[in-house]
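Spelled out, the chains give:
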Amino acid sequence: MKTIQGVLWDNDGVLVNTEQLFYESNRDLLLPYGIDLTPKQFFDWFLDNNYGAWHLLLGQGHPIELVDRLRAERTVLFAQRLRQARRLAMPGIGQVLAALRPHVAMGVVTSAYAQHFQISHAATGMLSHFDFVLTREMYAESKPAPDGYQLGLQRLGLAAADCVAVEDSPRGLRAANAAGLECIIVRNQMNREHAFDDAFCVVESSAELGAVLASFVPGMAQAPPLPPRKLEAFL
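If you're wondering where the values come from, they're calculated on a predicted model, not measured in any experiment.

Draft legend 1. Just empty space enclosed by the protein, in detail. Here the structure, examined in full by the defined rule, presents 2 cavities of 30 Å³ or more. Considered as a void within the structure, the largest cavity measures approximately 70 Å³ in volume. Lining the largest cavity we find Gly13, Asn17, Glu19, Gln20, Asn188, Gln189 and Met190. Its residues placed into classes, the lining of the largest cavity shows 1 nonpolar, 5 polar and 1 charged.

Draft legend 2. The arrangement of the layout of surface pockets in detail. Estimated volume of the largest pocket: approximately 730 Å³. Looking at the lining of the largest pocket, the elements that each hand over two or more residues are helix 1 (19-30), helix 2 (39-48), helix 4 (64-84) and helix 8 (170-178). For the lining of the largest pocket, the leading source of residues is helix 4, giving 4 residues. Per-class residue counts for the lining of the largest pocket are 10 nonpolar, 10 polar and 9 charged.

Draft legend 3. Representation of the nonpolar core in the model. Core analysis: the biggest nonpolar cluster contains 29 residues, and Val7, Trp9, Leu15, Leu100, Leu209 and Leu213 have the highest contact counts within it. Among residues more than four places away in sequence, those in contact with Leu100 are Trp9, Met106, Leu213, Val217 and Met220. Of all hydrophobic cores here, the second largest spans 21 residues; its members include Leu158, Cys163, Leu181 and Ile185.

Draft legend 4. Local environment of the sheet that holds strand 2 (residues 105-109). Here we have 6 strands laid out as an open sheet, ordered 3-2-1-4-5-6, and parallel in their pairing. Here the strands that pair on one side only, and so sit at the sheet edges, are strand 3 (132-134) and strand 6 (201-203). For this sheet, the mean angle separating the axes of adjacent strands, direction not counted, is 25°. Bridge count for strand 4 (residues 163-167) against strand 5 (residues 182-186) is 4 bridges, and the pairing is parallel. Across the sheet, residue Val164 finds its bridge partner in strand 5, namely Glu182. Sitting on the sheet, helix 5 (residues 93-100) is in contact with strand 1 (6-9) and strand 2, with an inclination near 155° to strand 1. Contacts from helix 7 (residues 147-156) reach strand 1, strand 2, strand 3 and strand 4 within the one sheet, and its direction differs from that of strand 3 by about 160°.

Draft legend 5. Structural view of the environment of Arg192. In this structure, Arg192 sits in the loop between strand 5 and strand 6. Residues Arg192 and Glu204 lie 12 residues apart in sequence; the distance between their C-alpha atoms is 9.5 Å. In this structure Arg192 touches Arg187 and Glu204, once residues within four positions along its chain are discounted.

Draft legend 6. Spotlight on helix 4. End to end, helix 4 covers 30 Å across 21 residues, agreeing with the expected 30 Å (1.5 Å per residue, within 8%). Taken as a whole, helix 4 has its buried residues at Leu66, Val67, Leu70, Arg74, Leu77, Phe78, Ala79, Arg81 and Leu82. Contacts from the buried residues of helix 4 go to helix 1, helix 2, helix 3 (54-59) and helix 6 (114-120).

Draft legend 7. Quick peek at the pairing of strand 5. Across the 5 residues of strand 5, 4 count as buried, placing the element largely inside the fold. The handedness of the strand 4 to strand 5 crossover, carried by helix 8, is right-handed. In this structure, strand 5 lies alongside strand 6, joined through 3 bridges in parallel fashion. The residue of strand 6 that forms the bridge with Ile184 is Cys201.

Draft legend 8. Layout of the pattern of salt bridges. For the structure shown, the criterion picks out 11 salt bridges. Through salt bridges with shared partners, one network takes in Asp10, Lys143 and Glu167.

Draft legend 9. Looking closely at the environment of Asn191. Relative to the assigned elements, Asn191 resides in the loop between strand 5 and strand 6. With 66 residues separating them in the primary sequence, Asn191 and Gly125 have C-alpha atoms 26 Å apart. Apart from the residues lying within four places of it in its own chain, the contact partners of Asn191 are Phe43, Asp168, Ile185, Val186 and Phe196. In terms of polar contacts, Asn191 uses its side chain to reach the backbone carbonyl oxygen of Asp168, at 2.8 Å. A polar contact of 2.9 Å, which involves the side chain of Asn191, links it to the backbone oxygen of Val186.

Calculation rules
- Residues numbered from 1 in each chain as written.
- Predicted model: local features only at pLDDT ≥ 70, side-chain atom pairs only at ≥ 80, totals over all residues.
- Heavy atoms only, no water.
- 1 Å grid on protein atoms, 1.4 Å probe; cavity = no way out; pocket = protein on both sides within 12 Å on 5 of 7 lines; lining within 4 Å.
- Points joined across faces, edges and corners; volume = space filled by probe spheres on them.
- Nonpolar A, V, L, I, M, F, W, Y, C, P; charged D, E, K, R; others polar.
- Helix = DSSP H or I, 4+ residues; strand = E, 2+ residues; numbered from the N terminus.
- Core = buried A, V, L, I, M, F, W, Y, C linked by side-chain atoms within 4.5 Å.
- Buried < 20%, exposed > 50% of the residue type's maximum accessible area, 1.4 Å probe, protein only.
- Contact = heavy atoms within 4.5 Å.
- Pairing = 2+ DSSP bridges.
- Axes fitted to C-alpha atoms, helices over the stretch in contact; angles between N-to-C directions.
- Expected span 1.5 Å × (residues − 1).
- Right-handed = clockwise from strand over helix to strand, strands pointing away.
- Salt bridge = Lys/Arg side-chain N within 4 Å of Asp/Glu carboxyl O.
- Polar contact = N/O pair within 3.5 Å; in protein donor to acceptor, adjacent residues only side chain to side chain.

Any functional reading would require information beyond the geometric quantities listed.
In structure tokens, the structure reads:
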């Protein structure tokens, strides 16, 4: 049976319910240019691959200066929407973290920049559960490159075989696997249709995630199951 000493967590879509807000921020900035970014395009271009949607503007003949301006506007817009949102914590995830914390080391490896990460966790109460947080500024290549997870393993001081990653995106899964980590995928609104064939397992809820992680820690009691709950509205 697999045992672990450490867990490395993705952030957006795993700890906090922020991916819809990021999708809407991108979509709303592109709409004035006749581009209606769909959820499927967002998943394919942002969560599966890592090239975004700016190529659509460039394909229309717009200059790179417009892309740079809209990228800066997106940073501001997304931050505003995070501040306006209520209850960003994924349902039940705080209970999972609290149950694990006495037993394993834990860190966050996120593609979010520090500004957005800090805003999204302003009211979650989760950060005390982690030994460290690695935001996008702190490592070289973003997911699906393994750089963030490799640095996370260094910070934990543990081998990949003694840890597990928790993700929700295909590129996050590839990053974890490339770093030698087995990876648990958490289902959410954005990734519902993706197969995740290379995942260690795919779970449907925080309660199921807690049970799987508890099974990796000898002697750890599983967190009691949570009642079904609909994801909180964002705004």
